[in-house]
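Structural features, examined
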Amino acid sequence: MAAKTMQYSMAKGKTDDDLKLYYSIGEVAERLGVNASQLRFWENEFAHIKPNKNSRGERRFTKDNIRQLEQIEYLLKERGFTIEGARKEIATGKNKASDKGEMIDRLREVRVRLTQLLKED
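Residues numbered from 1 in each chain as written. Predicted model: local features only at pLDDT ≥ 70, side-chain atom pairs only at ≥ 80, totals over all residues. Heavy atoms only, no water.

What follows is about the overall build of the protein. A tally of regular secondary structure across the protein gives seven helices and three strands. Reading the helices (α) and strands (β) of the protein from amino to carboxyl end gives α-α-β-α-α-β-β-α-α-α. For the protein, buried positions account for 22% of its 121 residues. (Helix = DSSP H or I, 4+ residues; strand = E, 2+ residues; numbered from the N terminus. Buried < 20%, exposed > 50% of the residue type's maximum accessible area, 1.4 Å probe, protein only.)

Attention shifts here to the nonpolar core. Membership of the largest hydrophobic core comes to 18 residues, with the highest contact counts inside it found for V28, L39, W42, F46, L69 and I72. Ranked by the residues each element gives to this core, the list is headed by helix α5 (residues 63-78), at five residues. With residues up to four places along the chain from it excluded, the contact list for F46 reads I72, I83, A86, R87 and I90. (Core = buried A, V, L, I, M, F, W, Y, C linked by side-chain atoms within 4.5 Å. Contact = heavy atoms within 4.5 Å.)

Per the counting criterion, the structure on display carries zero aromatic pairs. Residue placement shows R87 over the ring face of F46; its charged tip is 6.0 Å from the ring centre. (Phe/Tyr/Trp six-rings, centres within 6.5 Å; stacked < 30°, edge-to-face > 60°. Lys NZ or Arg CZ within 6 Å of the ring centre and 35° of its normal.)

What follows deals with the sheet that holds strand β2 (residues 52-53). Strand order in this open sheet of three strands is β1-β3-β2, and the pairing throughout is antiparallel. What marks the edges here is a single partner per strand, and that holds for β1 (23-24) and β2. Across two bridges, β2 lies against strand β3 (residues 59-61) in antiparallel orientation. The residue bridging N52 from the neighbouring strand is R60, located in β3. Packed onto the sheet, α5 meets β1 and β3 and runs at close to 85° relative to β3. (Pairing = 2+ DSSP bridges. Axes fitted to C-alpha atoms, helices over the stretch in contact; angles between N-to-C directions.)

Inspection of the entire model under this criterion finds nine salt bridges. For R87, the salt bridge goes to E84, with nearest N and O atoms at 2.4 Å. Of the two residues, R87 and E84 are both situated in helix α6 (residues 83-92); the distance of three residues between them amounts to about one turn of the helix. When its relative accessible area of 40% is taken as the criterion, E84 is described as partly exposed. Each of the salt bridges in this network shares a partner with another, and the network as a whole consists of R31, E70 and R108. (Salt bridge = Lys/Arg side-chain N within 4 Å of Asp/Glu carboxyl O.)

This next bit is on the confidence of the model for the protein. Averaged over the protein, the pLDDT score is 82; the fraction of residues at 70 or greater is 79%. The secondary-structure element of the protein with the lowest mean pLDDT is helix α1 (residues 2-11), recorded at 45, while helix α4 (residues 36-45) shows the highest, at 95. Note on residues 1-9: pLDDT is under 50 here. Beyond four places in sequence and across chains, it has zero contacts. (pLDDT = per-residue confidence, 0-100.)

Topologically, E27 is positioned in helix α3 (residues 25-32). Spatially, the C-alpha atoms of E27 and F61 are 9.3 Å apart, while their sequence positions differ by 34 residues. Among residues more than four places away in sequence, those in contact with E27 are K20 and Y22.

This is the structure we're talking about:
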């Protein structure tokens, strides 16, 4: 009983997304607003995208994988890069993906909190 209480208190204030280690291709596709075949295509085109695969061969994406995919989506859709251009941009490191990824995560947290506050009123 004490162990359950301790686990709860450690996880208190965390969303299910904060506690999750792996995401299915469907979850990632929905999050990015693309279809699963688009993610598989990007995986083939960008060598640094390497999701884990379970025993059945299903892709399991980590938060780092999702940040990488968000960067690719940003370069292709928002900035209008070609696949080759996006590859070069990522390779040169001009686009500070980790900083942007952290900022995106923080903004999502703020959005969730604001939504919760609006629901309370």
